[in-house]
Every structure is written in structure tokens, then in C-alpha cells.
Amino acid sequence: MENLIALLIAAPLLGAAVLLVGGRRLDAVGHWIGTLLSTTSFVFGVILFADLLGRNADDRTLMQHLFTWVPVAGFQADVTFRLDQLSMTFVLLITGVGSLIHLYSVGYMEHDERRRRFFGYLNLFLAAMLLLVLADNYLLLYVGWEGVGLASYLLIGFWQHKPSAATAAKKAFIVNRVGDMGLSIAIMLMFTTFGTFAFGPVLSHATDASEGRLTAIGLMLLLAACGKSAQVPLQSWLGDAMEGPTPVSALIHAATMVTAGVYLIVRSGAVFNAAPDAQLVVTVVGAVTLLFGAIVGCAKDDIKKALAGSTMSQIGYMVLAAGLGPIGYVFAIMHLVTHGFFKAGLFLGAGSVMHGMNDEVDMRRYGGLRKYMPVTFVTFGLGYLAIIGFPGLSGFFSKDKIIEAAFAKGGTEGWILGTCALLGAAITAFYMTRVMLMTFFGEERWRNQPTRSPEAPSAEPAAEHRGEHAEPHPHESPKVMTIPMIALAIGSVFAGGFFSIGDRFLHWLEPITGHSEGDSPLSAGAVTGATMVCLVIGVGIAYLQYGRRPVPAVAPRGSLLTRAARRDLLQDDFNHVVLVRGGEHLTRSLVYVDHTLVDGVVNGTAAGFGGLSGRLRRLQNGYARSYAVSMFGGAALLVAATLLMRAV
Amino acid sequence: MSFPLLTATAVLPAAGAVATAAVPAARRTAAKWLALLVSLATLVLAIVVMVRFDPGGARYQLTESHAWIADFGVRYELGVDGIAVALLALTALLIPFIILAGWHDADPLETGSKRWRPTQGFFALILAVEAMVIISFEATDVFLFYIFFEAMLIPMYFLIGGFGDRAHAQGEEAASTQRSYAAVKFLLYNLVGGLIMLAAVIGLYTVAGNFSLTEIAQARANGTLHMATSTERWLFLGFFFAFAVKAPLWPLHTWLPNAMQESTAPVAVLITAVVDKVGTFAMLRFCLQLFPEASKWATPTILVLALISIIYGALLAVGQRDIKRLVAYASISHFGFIILGIFAMTSQGQSGATLYMVNHGISTAALMLVAGFLISRRGSRLIADYGGVQKVAPVLAGTFLIGSLATLSLPGLAPFVSEFLVLVGTFTRYPAIGIIATFGIVLAALYTLVLYQRTMTGPVKPAVSAMPDLKARELVVVAPLIVLLIFLGVYPKPVTDIVNPAVNQTMSDVHKTDPKPAVEAAK
Amino acid sequence: MNPVYYLYLAALLFTIGATGVLIRRNAIVVFMCIELMLNACNLAFVVFSRMHGNLDGQIIAFFTMVVAAAEVVVGLAIIVSLFRTRHSASVDDASLMKL
């Protein structure tokens, strides 16, 4: 059975290689090859899952050693895969949602001449992501970690003739690199602490190390997680990443890649458990981000960016849960999975709307679409209900548990974190209701609108081919797109309940992550009640603002907070002023310094010699007499020196 | 006496150089093929050396030793250890690609241009450089090494000064002036380094009485050859200065951007991927072995300089407007990593540094040669003159991207393994330096991706709209390099197996052992 | 008679020669002054030979004469060719030997 693990990765990797090297002759079938290999990987995943289920709970870790990767003295890195309950969960999520999104993309990217390449990149992403979750040591994980970063880079910048897409892709990669720096340093710290960076020895000996070292490792891992999972302060890339095609946003920037940070923290649970300071920072980051993302989500008129804010916020919940330690690990992962379903479904729904609306992304130009896109409306609506935590749907179970766990941390921290989580739930309800109302309800604002000014480029370039300025004719998307949406909607509805009934998910993951109930000052019922109140308040305010009143087609100026939130709470402005401008000045002055100072010293030396020789040259006047004088002078000097030496 | 294999690896390209130069002017194409065949034959010999080399065997293998200038104890002594074998293989591997990539670089210019471009000379000079570099890697006699270390400047001077890019924005006259400036700068820098080293070589002779690396190192190790502390330090500095110029280490680096900018892309690759490696190689072989105590004494300073190189080179690369200069500054940053690894004095650092030399050679070759193809199409080196190339020449852009990703050390490609080893090796002994050096990976992402974004993405510029994609010959150059980058990224073990024993030897030369982990985890 | 006086004479002759070389412009005169210096040296050599009872000085005097003879040949040839091209025997006219 172990030997199947490598095939999980090999299938999409093969797909990527074939599609990217194969060239144009594969254009006609490329998308089906990609989908097939992704599905193959899913099938392998299911087989392995069945195998794991057939084993005892303590015996569900499969290892496959492929070869020795980097052997240098004490530094031994192997290519070894580890499949346990945690990675199995991810494998199913990645390949399952991945395959659905492959299928969806067949329809979504139909008019793109570079569709084959798109599928190649998607397959590359799957392979890298699977490597990330299957790796048995941190260095191999790092390969997957950057591999998904690369795939993300390629896919965000897929429409790279648009400068905005190319810039967004670059930004995502570089911000992620800052996080990767954290991961590198964490690995180096592990190596100096434990002499190894394989999961087994590091995690089982974590408690042997000093708390200072563990805190350092934990913080570095958190930095890595912040980069990949778009947590404050490295969150700025995620909004821009929406430049990529919508299936990419669904798969990479909602369901899978951005959750890698949560995986990393949960996987390294043993390290964090022994480093409470690091855990505290993790929870703070999670809590800040969940509010940050939610606030940004409220202000965005671009449907994808609103969803991106939401993603940030939901991952904030997961990070918060992961920072709570054994109380929260399981729920972090559970929310991660349910979020994978409903957020991917929401993005696909958004893609479907855009597909029917000439690739318009501005929600102020939507409205009343429920009549025209019934399937999209229903699936999106179910996703919406799931994310706001409507009782009985997936989000209800997973988010509620996280809020409970936050209170269960105990003490003042528990109260603060729990309150943040509750507040987040209210804001989530607000902004998601806003999205829902602006898109599917209200008047049809896309009719008779003034033609768009050419300065505002459409997000999706295919629009240019389809007559951008014509009035849109909203229509339902083809089956190949709606089927994945329906499948994900089913997941959004039932996954949470399925996991929670009889604590199935808890029992499944507990052997890996451990679990403790914590010490909650509030009863579970009280928390649920409070959450429901928040939900109602959020939905109510949104309804009052966007359901009862017509939505202006041009965004009003808004309050100071709204304007700041539209600009991602000014983080980009900060980055621009401090890092970009500062960096530009630094490099420019360094170029100058290199030219004038470093090179100048050498050139100056050369010029000095040149000048000196110019002076000395005057001595050579060509008159034999003056040469003779210098000769005599020299001779006289020699004689004098000789005499002097004699005298001494 | 067995077949002198090592001599053959050097003599073959040397003879090839003479033969290529002797081909009549009219038979230009024949000369190119001859050069290519000779370089391929050298590659075969290098592979034989690699196969015959036993990593578990004696330190120096395939040794040859003959009296040469008996009065001064100069011997013709060759021998390779694992590090030399790896670099020998790299050199022999890259030269065929350099020749193939430069296939048309020395063709006579269109009628009307008076510039004389001897095609035969171009290829003969490349082979001559190859011969000299190879013998520098093999020499175990300090004087023999010195001679070829210096002699390779002569063909390099002509390659830089004689053959520039075909098209030049400021016209032929200005191009020629700039080329001469770059060539002279290259020569002067390296000559000054070399002369200081000559003084140190003579000094070493007066102390040790002969030039044999093995004998001197042996005598140093068992204490029969005593050097006063100050003597050792001065001699070390003399050697190190020359190698630091060649490597190049900040602040002795300014010749490299000029030289790479003005020479054709294949020659630029020859400089940075092959010739410069002699500098870092020699640090590892001569500085550490002959002057272990002085090396340790100088370590802190050198580490700081290497760190400056890493960050400074990367920052300057970000600020460049010229593609080739950008790659040059990136190389300076990478050489910083190599030197950091050598002087971190850990197994990981030194193995990583050796691996880095090999990987940097391949990755720079991939990036620079593709950049050369790009430049030859548009006739400009300025980044601003490009845009949207991806749309018109997707294969070119794809290979350029892979070269860029290798330059930023993406995991999965070869440079990652070596860069990480260097970082880990440094970190275990000098955590602060290791952490600062890690900033280099962010900056590397910045300069490579900015380069890629500005040249390859965005709207298609009119001037590049008719740009042809890679031709078959160019693909033959790039594809194997990319395959190697991926292969060595996934499976670097063949190289590390050869290198590790040699590194262990060097570590014991300087009496250093790896730091122990804080917690001895059960293995 | 004290041989030291001969040394004084030699020194005097040498000084006269040297001064001539430095201040005269006519190549022939300069040339003759050089001869004077050479012969002053010869005299000194012979005197030293006598003072030390050693023949080395006399032998070197012979060498000097031979060298002087060779020098006369070369020097006169230069002067003649100089005169042919410049129509003057002034040494200052031959001042091309500069950078």
C-alpha cells in the first residue's frame, strides 16, 4: 500500500510534464489529460483512505522511502513520504476539490487559447501541494511549499499580457518568499537543535529542547505560515492574487494552498505545545487577521476581492484555532476542510456569474441575477449559508467549535480571543449577505449602464474577444461548470454535520494532533447562542443596508474606515512607501555608490598613477645634457652613500 | 606508467585550440565543428576521470608527477580530489554548450563593417581557456597552478576585448571603446591579484623550499614545517587576494559587471561559470590547506565580506537596467554564498559551496545563454527595450523563466540544495550571519522576477512583436542544462558522494569539526 | 713622489670632462669630454695598481681603452649621421628621445 503514495504525486506531476513539454499538438486534449490525471490521483487517494480506515487508529501512518536526497555529514535529507490521518485529510481535499475544479476549468477556460498550459500549471500545483502535505521532513515540505508558490505565481500571472496580473504574481511570490525565509530559518534552527529536521525525531523530541529555541522555531514557522496563508502582516498579496483566473482563486487561493500555513502549524503541534509564547503570538495573528480580512471583505465591490477578504478572515479562524494548541488543532483542520468546500463553491459561483456577465467583477453592476442563473444562485446560496454558519450547515459546526475553543483557552486571553471570533462571525454574516444581496437580489443594475471607460480594464481578458461593451446577457453556465458547483455545494451542506456527528473527525485526527477539551467559562450552548445572535445582527444590518435600499451603481465615498478598507486597510500604501520606495532609493543609491565609490577607488588609483606619470614624464625632455645631469647626480648620490656607509 | 589521463584532459583542448586556429579562414564552419568535437571529446575524458575516480580512495588520485624546473623544486604534478573532479566535470560540460551557443557570435559582420572577427580565433581561445582552467583544477604544484591561473587571463582578455555583442545602441565605435575598457579592467584587476599572489608564491618557496601542495600540506600537518604566525598570515593574504579578485568578492568585484556586460553571452558564461570558479576552488584547495591557522584567523572578516557580497550584489542586481549587468551582480551575490560556505568551516558549508560552484555554473549558463539569445534577437541589452516576449516566443520565455527560477534557488532545482546547505552550514556556526544571508533569497526573488516581468510579460512591445522563438540549435543548448538543473535538484547524491570525502579532508586540514546539535535526537 | 697627486690629477681631469659633458652643446666636444673622463679613470686605475702592487688596475685600463675605442666608433658614427640629417652637431637638436 505504501508504494501508492508516490503515485499520488506522480500522476499530476506527469500531467504537468506532458502538458508543458508536449507543446501545441496537445492543445485539443490537454485539458482532459490534466483532469484525468488529477482524478487518477484522487482515486489513489480514495484507495489509500480505504486502506487507512481498515487499520487500527494507532497504526494509520504509512511511510514510503524513495531515495536519499541530500546527504552531507550530519545533514541527511531523504525523499520520504508520510501518510497519516492529517495528510490523508489534505490529500482527499486537494485531489477531490482539485479534480472538481479541473472539471470546472474545462468549461471556464474554453475560450482561452492557452488552456493546455493552464491545466499543466494546475497539475503542477496539485503535485506540489501533495508533496507539501506528504513530505516526511521539513526540507521536503519546503520543496512543496515553494512549489505551490511557483504554481501560484504562474497561475496568478496566467494572463500575463496584463501588467496588473504580472505584478500581482510577482508580488505574491516575493511576499511568500519573506515567509519562506521564516521556514528556512526554522529548518536551520531545527537542525542545530535536533541535528535533524525529519518530522518523527523533531516532534517526538521537541520537549527536550529549551523553550527559547522552541519559541524561536515556532515564530519562524509562524512567519512562514503568515506568508503562505496570507495572515497579517504578510497578507497583502492575496487580494491582488485575484488577478488570476477564477478557478485558480477557488483552488489555490481559497481551498488548498493558502491553508498550507495551518497545516504547517498543526503538523508542528509538538513544537508549539512546548512554546506557549509562540502559541500566543499565533492566536494573536489569527485573531487580528480574522478581523482584518472581514473588514476588508466588507468594503470591496469586486466580488472576488470580497471573497478574498473572506478567505483571509476564515484562515484567521483556523490559525487562531491552531494557536490554541490541542484544544483547537482538530477544529482548525475541520474548518479548513469545510471552508475548502464552501469557499471553493463560492468562488466557482462567482466565476460562473462572471462567465455569464462578460467577466464583470464589480458587484455594483450585478443585481437580480437569481432568475437568470438558478443553479449558480442555489449553489452560491448554500455556500453562503455555510460560511455564515447557518445552523446545520458545514460552517456552523466548524466555526462554532473554533469559537468555543477560543473561549476554552481560559483566562483573559480566552475572553479576548473568543470575543474577536464572535465579532468576526457577525462581520462575516454582514459581508457575505452583502455579496449575496448585491449579486442575486435587487434591481438589475447591469441593464442600460453607461459604457465602461476604457481606462478600467476588464479583469478577464477573454472579455475583449466577446465584445466588452455590449450589455451582458446573463445566462447559466454549461453543465461542465455547474456539476462541480453542485458537488461542492453538497459538501458545504453536509460535510460539517457528517464530521461532527459522533465526533468522527475528532476521533480520526486525534492520534496525530492530540486533543483536549480545555476549560471553557461558557457552556457550548451559550457560545452557540451568542454566535446565532451575532449572525442575526450581521445579516440584519446587511439586509437593511443592501436589501431594503437600492445599491448605487457607483460606490459612495464612504467613511474613513470604508475607504481604508477598500485599500486593504492601507497596508499596500505602507508597503509602497516604506519597502518599495525605500528599496528603490536604496538600490539606486547603491548603484551610484558602486559606480562612484567602489569602482571610483580603483579608478581613482588608476587616475592617480596616470597623473603621477604625467608629471614624471616632464623629466624626459629629450636633452642629453639633462639625462647626463641625472646620471651624475645619481652617481654622486651613490658615492656619497658609499662613503657614508664607510663612515658609519 | 599508466596513461596520463589528467594531462590528456588538458592537452586535448589545448591541441584543439591550436588546430582550430590553424584552420584556413575560408573553412569557418569546419573550425566550429572541430572545436565542438574537441570539446565533446574533452567531456568524454572528463567523464572517464569521474568514473575512474574512487570517492573512498586516496585524497589525490590519477596523480602524475614529473620534474620540471628542478633548480627551484618546481614539478609538474597533477592530481584530483573530489572537489576538483566536480569542477573539472562542470568545465568540460559547459564548454560544448558555450561553443554551440556562440556558434554565430564570431561570424564576420555584414559587409561595410571593418571590424575583423576571426571566427577560428574565437573558438580557439575558448578551447585555450578550457585547457588552462582544467589544468588549474588539476595542478597540485603551487607554481604550476600559478602559471595557468595567470595565463588564462591572456585568452580571456582577447575574448572580452575582441568579440562583443553584434549590435550596439551607441554604434560600433562606442562599443569598441567600452569593450576595450572592460577587457583592460578585467586584465588589470586580475593581474594585480596575480602579482600579489606571485609574491606570496615566492614567499612560500623561501619558507617551504618547494612548491608541492601535498608535501607542504603534509609537512604543515605533522608539524615539521613551522611558519611564524605573521608569515603565515601574510602568505595567506597574498593567495586570498588573488582568489578574491577572481571570485570576485566585494569590494574587488567591479570588473565583473563590465566584463560580462561587454562580452558576448557565451563568453560571459565562460567568465562567471568557469573561470571565476578557479578562484573559489583555489580558496578551498590552497588557502585552507596551506594556511589553516591563518584561514581561521581571517574567517570573521571574510565572512562579513561574503555577507556584504550577498546582500550588496542582490541589491545592485535589483537596480540594474541592463540584463547582463543584472546577471553579473546576481553572480556576485552567489559568489558571496560560495565563499560564505567555504569559510563557515562546516561540512555542510563546504560541500554546499562546492555543489554551489557546480550548480551556479549550470544555472548561470542557462539564464545567461537564453538572455544572449534574447539579446541577439532584439539587439539591445536594456531591460526596458523588451516586454511581452512571452506572447511571441513562449519557449524562449519558458526557458528564461526556468533559468530565473534556478537563479533564485527554487526548491526542486539544483541551486536550492547547495544554497540551503551553505545557509545551514553557516547557521550552525554563525547564526546571525546565516540569518542575514537568508535575506538574500528574498532579494534573489525580487531581481529575477522583476527581470522576468519586465522582459517577458505585459503588452507586446512593437520591437519584439516579430521575434522568432528558439531555434533547434538554441534548444539543444538550453534543454540539457535545464534537465541537469532539475536532475541535480532532485538527486544531487552523485555529486555529493564525490565531494563529501574531499570536504572531510579539508575540514580535518583546518582542524574543525561540525558543531553538535543542542539536543541529540535519537536517530 | 706621492702617487696620491696622480689621483688628484685624475679627479681634476674627470671633473673637467664631466663639466664639459654637461655644459657643452657641440657633440664633438661632448664626445671628447667623455674621452677625457675615461682617461681620467684609466689614470686612476693605473695609480691604484701601483699603490696596491697589483696588476688588476692596469688590466682594467686596457679593457677601458678597448671599450673607449669601440665607443669612439659608435659615437662618431652617430654624430656623423646626426650631422647629416640635422646639419648641426648640437646635442640639443637631438631631443626626440622623450615621451
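Basis of the calculations
- Residues numbered from 1 in each chain as written.
- Chains lettered and ligands numbered in written order.
- Predicted model: local features only at pLDDT ≥ 70, side-chain atom pairs only at ≥ 80, totals over all residues.
- Heavy atoms only, no water.
- UniProt positions renumbered as here; feature names shortened; annotations may be inferred.
- Helix = DSSP H or I, 4+ residues; strand = E, 2+ residues; numbered from the N terminus.
- Rg over C-alpha atoms; globule rule 2.2 N^0.38 Å.
- Buried < 20%, exposed > 50% of the residue type's maximum accessible area, 1.4 Å probe, protein only.
- Contact = heavy atoms within 4.5 Å.
- Areas by Shrake-Rupley, 256 points an atom, 1.4 Å probe, with all protein chains shown as cover.
- Lys, Arg positive; Asp, Glu negative; His and termini not counted.
- Charge placed at Lys NZ, Arg CZ, Asp CG, Glu CD.
- Pairing = 2+ DSSP bridges.
- Core = buried A, V, L, I, M, F, W, Y, C linked by side-chain atoms within 4.5 Å.
- Expected span 1.5 Å × (residues − 1).
- Arc of directions from axis to C-beta.
- Buried area = accessible area lost by both parts, 1.4 Å probe.
- Salt bridge = Lys/Arg side-chain N within 4 Å of Asp/Glu carboxyl O.
- Polar contact = N/O pair within 3.5 Å; in protein donor to acceptor, adjacent residues only side chain to side chain.
- Nonpolar A, V, L, I, M, F, W, Y, C, P; charged D, E, K, R; others polar.
- pLDDT = per-residue confidence, 0-100.

In the annotation of an unreviewed UniProt entry, chain C is listed under the name NADH-quinone oxidoreductase subunit K and assigned to Streptomyces fuscichromogenes. On record in UniProt, under Subunit (unreviewed entry), the comment for chain C is "NDH-1 is composed of 14 different subunits. Subunits NuoA, H, J, K, L, M, N constitute the membrane sector of the complex." Regarding chain C, the UniProt comment filed under Sequence similarities (unreviewed entry) reads as follows: "Belongs to the complex I subunit 4L family."

(A) Up close: the overall build of chain C. A count of helical and extended segments in chain C gives three helices and zero strands. Along the chain direction, N to C, the helices and strands of chain C fall in the order α-α-α. Its C-alpha radius of gyration of 16 Å places chain C more than 25% over the 13 Å reference for a compact globule of 99 residues. Taken along the three principal axes of its C-alpha coordinates, chain C extends 50 × 25 × 25 Å. For chain C, with 99 residues in total, the buried portion stands at 28%. Within chain C, counting contacts between residues at least 6 apart in sequence, those at least 24 apart form 57% of the total. Of the roughly 6,700 Å² that chain C leaves accessible, carbon and sulfur atoms contribute 73%.

(B) Quick look at the overall build of chain B. In terms of helices and strands, chain B carries 20 helices and two strands. The principal-axis extents of the C-alpha atoms in chain B amount to approximately 70 × 55 × 40 Å. Evaluated residue by residue, chain B yields a buried proportion of 65% over its 523 residues. Carbon and sulfur atoms make up 68% of the accessible area of chain B, which totals about 16,700 Å². Distance between charge centroids for chain B: 7 Å, based on 34 positive and 29 negative side chains.

(C) Spotlight on the pairing of strand E1 (residues 62-72) of chain A. Residue and element names in this part refer to chain A. Pairing between E1 and strand E2 (residues 75-83): nine bridges, direction antiparallel. Across the sheet, Val72 pairs through a bridge with Phe75, a residue of E2. The antiparallel hairpin formed by E1 and E2 contains two residues in its connecting segment, where Ala73 sits at a positive phi of about 45°.

(D) Quick look at the nonpolar core. Phe239, Phe243 and Phe343 of chain B are the most contacted members of the largest nonpolar core, which has 414 residues in total. Here the element with the most residues in this core is helix H11 (residues 265-290) of chain B; it accounts for 17 residues. Core analysis: the next-biggest nonpolar cluster, separate from the first, contains six residues, Ala628 of chain A together with Ala18, Val30 and Cys33 of chain C among them.

(E) Layout of helix H1 (residues 4-23) of chain C. If you check H1 of chain C, its first and last C-alpha atoms are 29 Å apart, about what 20 residues at 1.5 Å a residue would give, namely 28 Å. Of all the positions in H1 of chain C, only Ala10, Gly17, Ala18, Gly20 and Val21 of chain C are classed as buried. Each buried residue of H1 of chain C lies within a common arc of 160° when the element is viewed along its axis, so the set occupies one face. Facing away from the buried side of H1 of chain C by over 90 degrees, the exposed positions are Tyr8, Leu12 and Ile23 of chain C. Close packing links the buried residues of H1 of chain C with helix H25 (624-647) of chain A together with helix H2 (27-52) of chain C.

(F) View of the arrangement of the chains. Most contacts, when the two pairs of chains in contact are compared, are made between chains A and B. Spatially, chain B is disjoint from chain C: no contact exists, and the shortest C-alpha separation is 22 Å.

(G) Highlighting the interface of chain C and chain A. Counting residues at the interface gives 13 residues for chain C and 10 residues for chain A. Between chain C and chain A, a total of about 1,000 Å² is buried, with carbon and sulfur atoms accounting for 68% of that surface. Viewed at the interface, chain A and chain C are joined by zero salt bridges. Our enumeration of links across chain C and chain A arrives at zero residue pairs in polar contact (both at pLDDT 80 or more). Per-element accounting of the side of chain C that touches chain A gives the leading share, four residues, to H1 of chain C. Grouping the amino acids of the side of chain C that touches chain A by side-chain chemistry returns eight nonpolar, one polar and four charged.

(H) Structural context of the UniProt feature "transmembrane region" (unreviewed entry) in chain C. Here the UniProt feature "transmembrane region" (unreviewed entry) sits at residues 6-23, 28-48 and 60-83 of chain C. With 100% helix and 0% strand, residues 60-83 of chain C has end C-alpha atoms that lie 33 Å from one another.

(I) Local environment of the confidence of the model for chain C. Mean pLDDT over chain C: 88, with 96% of residues reaching 70 or higher. Both scores are given for the predicted complex: the pTM is 0.86, the ipTM 0.90.

(J) Just unusual backbone geometry, in detail. Here the residue pair Val232 of chain A and Pro233 of chain A is connected by a cis peptide bond, since its omega of 10° sits within 30 degrees of zero. Among the secondary structure elements, Pro233 of chain A is positioned in the loop between helix H8 (211-228) and helix H9 (236-240). With omega at 0°, the peptide bond leading from Trp250 of chain B into Pro251 of chain B counts as cis. Examined against the element boundaries, Pro251 of chain B turns out to sit in the loop between helix H9 (229-246) and helix H10 (255-262). Positive phi, close to 55°, is recorded for Ala230 of chain A, a residue that is not glycine. Looking at the secondary structure, you find Ala230 of chain A in the loop between H8 and H9.

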